[in-house]
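Structural overview
Here are the chains, one letter per residue:
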Amino acid sequence: MRSRLLLPALALAAALAATAFGPLPPQNPATAPNGNAGMHGDSASSDTTPYAGPGTGAVDWSRTALASACPTVTVGQDGYPVALCTTIFGRTPTVHLLDPANGDDLAALELPKGALFGGVYAYLDQNDALVAVDGNDDLLRIGHHRTGGGWQLTVDQRTPLAGAVPSGDDIVGLSPGWDGKVWFATGHGVIGTADTATGTVRTLATGEGVANSISTVPGHTAVATDHALYLLGQAADGTPVVQWRAPYDRGPGRKPGQLSWGTGATPSFFGPGDGTEYVTLTDNAAPHENLLVYKVDAGPVPVCTTPALTRWAASGTEDAVIASGRSVFVTNTYGYPYPALPDGAPASVPASASYQGGMARIDLNADGTGCSTVWESDVKSAALPRLSLGDGLIYTATVSGPTDAVGAQTFATYAHAVIDPATGAKVAGSTFGIGLLYNPLQMTGTTAPDGTLYQGTETGVLRITRK
């Protein structure tokens, strides 16, 4: 795997020596342990995990067929994986409980259907209940319970949010605050908090669209609309309050390989101190997106603005970044052939493009002003990568072969891949198979405490273990 280092050798060595990945963001008391709490690992959306993965040796893998795309796989303190999936036919959100011993489907619960993104983002709370929103705009806590010799998934708590959601709108992202309230954002830009103990809901309308999830750290919530990044706190009664708003370049239109017009990323908190000093986002500038980094307590002027993935003719991403210490890792999904788009998605600009892939590491300078690209790599990631702080490796899935709309579903080859974060080089890999059964659809993998890696695909979940 080729990787081009963009800093002189001595400068690169110094940069690596001065950079320690981590720390993890602070543990949110309202979620499962960091690394396993949600799609992006933790409520800060760092896309890191404390757990070592399968490593660089040989692996075994098995596939759990669920006839569903499974973007969110969580693992509770009891060790049982809980996945939120969307059925291929009907786009019905469905929760699955998997057997940690072999990946078998132990129980399933269908939820009322809503918008596409409503069946994507969820998190596991501190009691191993999945917190999700259904198509009726009810905020649910879904528990898994033994029933005789089997398992059952049940709605253990229901908080109606429909009164706070305008007609024709749907809830997209959600994340818990440190006080236990649940933050949410709708597709049309309503941001709110819900107190599930009292049923009290407070909202703020931005008038802008939201197509990604949201992130929380102590005292702050980050929401990316299709026009700006918002940092929010809350009033005494729970009403969201804008701390600052930072507009970004949303580009001339939705890029091919993205699902909406604007940023394709969930904002991520990170930093070398306590993991919350900075918040980062990619914009949608053309032809190359920019990585934007803001100091949380310094307002809406970025401390870093740098074009990302400039080795290719164009770049853009539908993935959140990995953000850890002073390092941010960005993947290029420009031209990635999604099999379906959300209702109302505008035509892409340009109308089509081939998928080239690519990944970059960008480091924030030691003084917190400015940043530098450390490397760009031709890793052709078909999944959202995850950085393990347990073994210092990045885990993802790659694609090779034809990646046009037809090829990605029928002829492309998908493989487990391990990336060295110091160089961007692929250091291990193992082929899964060909076609839609194995297509990860830019979904992220989750590593359990025992090192098992669960990777969602277009049709189910892959379970990957050290051989």
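Here the structure is a predicted model, which means the values were calculated and not measured.

Analysis parameters
- Counting of residues starts from 1 at the beginning of each chain's written sequence and follows it residue by residue.
- Local features in a predicted model are, by the rule used here, given only for residues with pLDDT of at least 70; side-chain atom pairs are given and counted only at 80 or more, and totals for whole chains, interfaces and linings are based on all residues.
- Remark: hydrogens and water are excluded; side-chain values derive from all non-hydrogen atoms of the structure.
- Any Lys or Arg side-chain nitrogen located within 4 Å of an Asp or Glu carboxyl oxygen qualifies as a salt bridge.
- Secondary structure elements are taken from DSSP: a helix is a run of H or I of four residues or more, a strand is a run of E of two residues or more, and numbering for both begins at the N terminus.
- Three labels apply to residues, based on accessible area from a 1.4 Å probe with only protein chains included: buried if under 20% of the type maximum, exposed if over 50%, partly exposed otherwise in between.
- Only heavy atoms enter the contact rule, under which two residues are in contact if any of them lie within 4.5 Å.
- Two strands are said to pair when DSSP picks up at least two bridges between them.
- Inter-axis angles, ranging from 0 to 180 degrees, are taken between N-to-C directions of lines fitted to C-alpha atoms, where helices are fitted over the stretch in contact.
- By convention, a stacked pair of Phe, Tyr or Trp rings (six-membered ring in the case of Trp) has centres within 6.5 Å and planes under 30 degrees apart, an edge-to-face pair has planes over 60 apart, and any other such pair is tilted.
- Here, nonpolar core refers to any group of buried Ala, Val, Leu, Ile, Met, Phe, Trp, Tyr and Cys residues whose side-chain atoms link them within 4.5 Å.
- In plain terms, two cysteine sulfur atoms within 2.5 Å form what is called a disulfide here.

**A look at the pattern of salt bridges**
Within the structure shown, the criterion is met by eleven salt bridges. The partner of Asp47 in a salt bridge is Arg386, with the nearest N and O atoms 3.6 Å apart. Taken together, the positions of Asp47 in the loop between helix H1 (9-18) and strand S2 (48-49) and Arg386 in strand S28 (residues 386-388) put the pair 339 residues apart, joining distant regions of the chain. Residues Asp47 and Arg386 agree in their burial class; the two are buried.

**Some thoughts on the side chain of Thr446**
Along the chain, the position of Thr446 falls in strand S32 (residues 445-447). Look at Thr446 and you get buried, because its relative accessible area is 0%. Among all residues touching Thr446, those that are not within four sequence positions of it are Gly35, Asn36, Val73, Val75, Arg386, Thr452, Leu453 and Tyr454.

**Things to note about the sheet that holds strand S34 (residues 460-466)**
With respect to topology, four strands assemble into an open sheet ordered S3-S34-S33-S32, the strand pairing being antiparallel. In the strand order of this sheet, the two ends are held by strand S3 (59-65) and S32, each with one partner. On average, adjacent strands in this sheet sit at an angle of 20 degrees to one another, irrespective of strand direction. With three bridges joining them, S32 and strand S33 (residues 453-456) adopt antiparallel strand pairing. Bridging across to S33, Thr447 finds its partner in Leu453.

**Digging into the packing of aromatic side chains**
Within this structure, the stated rule accounts for nine aromatic pairs. On the basis of an interplanar angle of 90 degrees and a centroid distance of 5.8 Å, the ring pair of Trp61 and Tyr438 is categorised as edge-to-face. Highlighted residues: Trp61 in strand S3 and Tyr438 in the loop between strand S31 (426-434) and S32, separated in sequence by 377 residues. Judged by its relative accessible area of 31%, Trp61 is partly exposed.

**Describing the sheet that holds strand S15 (residues 201-205)**
Judged by pairing direction, the sheet is antiparallel, and its four strands sit side by side in the order S12-S13-S14-S15 without closing on themselves. Each of the sheet's edge strands pairs with one partner strand only, and the pair in question is strand S12 (171-176) and S15. Ignoring which end each strand starts from, the neighbouring axes of this sheet average 20 degrees apart.

**Considering the nonpolar core**
Residues Tyr336, Val399, Tyr414 and Phe432 are the most contacted members of the largest nonpolar core, which totals 24 residues. Residue assignment for this core shows that the elements contributing at least two residues are strand S29 (393-400), strand S30 (413-419), S31 and S34. Ranked by the residues each element gives to this core, the list is headed by S29, at four residues. Leave out the neighbours within four places in its chain, and Val399 touches Tyr355, Lys380, Ala382, Ala412, Thr413 and Tyr414. Within the second largest apolar cluster, 17 residues are counted, among which are Ala32, Val82, Val95 and Leu153.

**Some words on the pairing of strand S13 (residues 182-186)**
Of all the five residues making up S13, five are buried; the element is thus mostly covered by neighbouring parts of the structure. On S13, burial covers both faces: Val182, Phe184 and Thr186 on one face and Trp183 and Ala185 on the other are all buried. Bridge analysis of S12 against S13 gives five bridges, and the strand direction is antiparallel. Looking at S13, one finds that Ser175 is bridged to Trp183. Between S12 and the antiparallel strand that follows it, S13, lie five residues; Gly180 among them carries a positive phi value of about 95 degrees. Pairing of S13 with strand S14 (residues 190-194), which is carried by four bridges, proceeds in the antiparallel orientation. When the bridges of S14 are listed, Trp183 appears paired with Thr193. Between S13 and S14, which follow one another and run antiparallel, lie three residues, and Gly189 among them has a positive phi close to 90 degrees.

**Considering unusual backbone geometry**
Omega for the bond connecting Gly22 with Pro23 falls within 30 degrees of zero, at 15 degrees, which places this linkage in the cis form. By the element assignment, Pro23 lies in the loop between H1 and S2. Even without being a glycine, Asp128 presents a positive backbone phi close to 70 degrees. Relative to the helices and strands, Asp128 resides in the loop between strand S8 (123-124) and strand S9 (130-133). For Asp128, a relative accessible area of 9% translates into the label buried. Residues other than glycine seldom take positive phi values, yet Gln442 does so here, at roughly 60 degrees. By the element assignment, Gln442 lies in the loop between S31 and S32. Assessed through its relative accessible area of 6%, Gln442 is described here as buried.

**Some thoughts on the environment of Pro93**
On the secondary structure map, Pro93 appears in strand S6 (residues 93-98). In this structure, the C-alpha to C-alpha distance between Pro93 and Glu110, residues 17 residues apart in sequence, is 6.0 Å.

**A word on the state of the cysteines**
Applying the stated criterion across every chain, the model contains two disulfides. Put simply, Cys70 and Cys85 are joined by a disulfide, and their sulfur atoms are 2.1 Å apart. Because the torsion about its S-S bond is 105 degrees, the bridge between Cys70 and Cys85 counts as right-handed. One end of the pair, Cys70, is in strand S4 (residues 68-75); the other, Cys85, is in strand S5 (residues 81-87), and 15 residues separate them in sequence. Like Cys70, the residue Cys85 is buried in the burial classification. With its sulfur 1.8 Å from that of its partner, Cys304 forms a disulfide with Cys371. One quick way to see it: the torsion about the S-S bond of Cys304 and Cys371 is about 60 degrees, and its sign makes the bridge right-handed. Here Cys371 lies in strand S27 (residues 371-377) and Cys304 lies in strand S23 (residues 304-307), a separation of 67 residues in the sequence.

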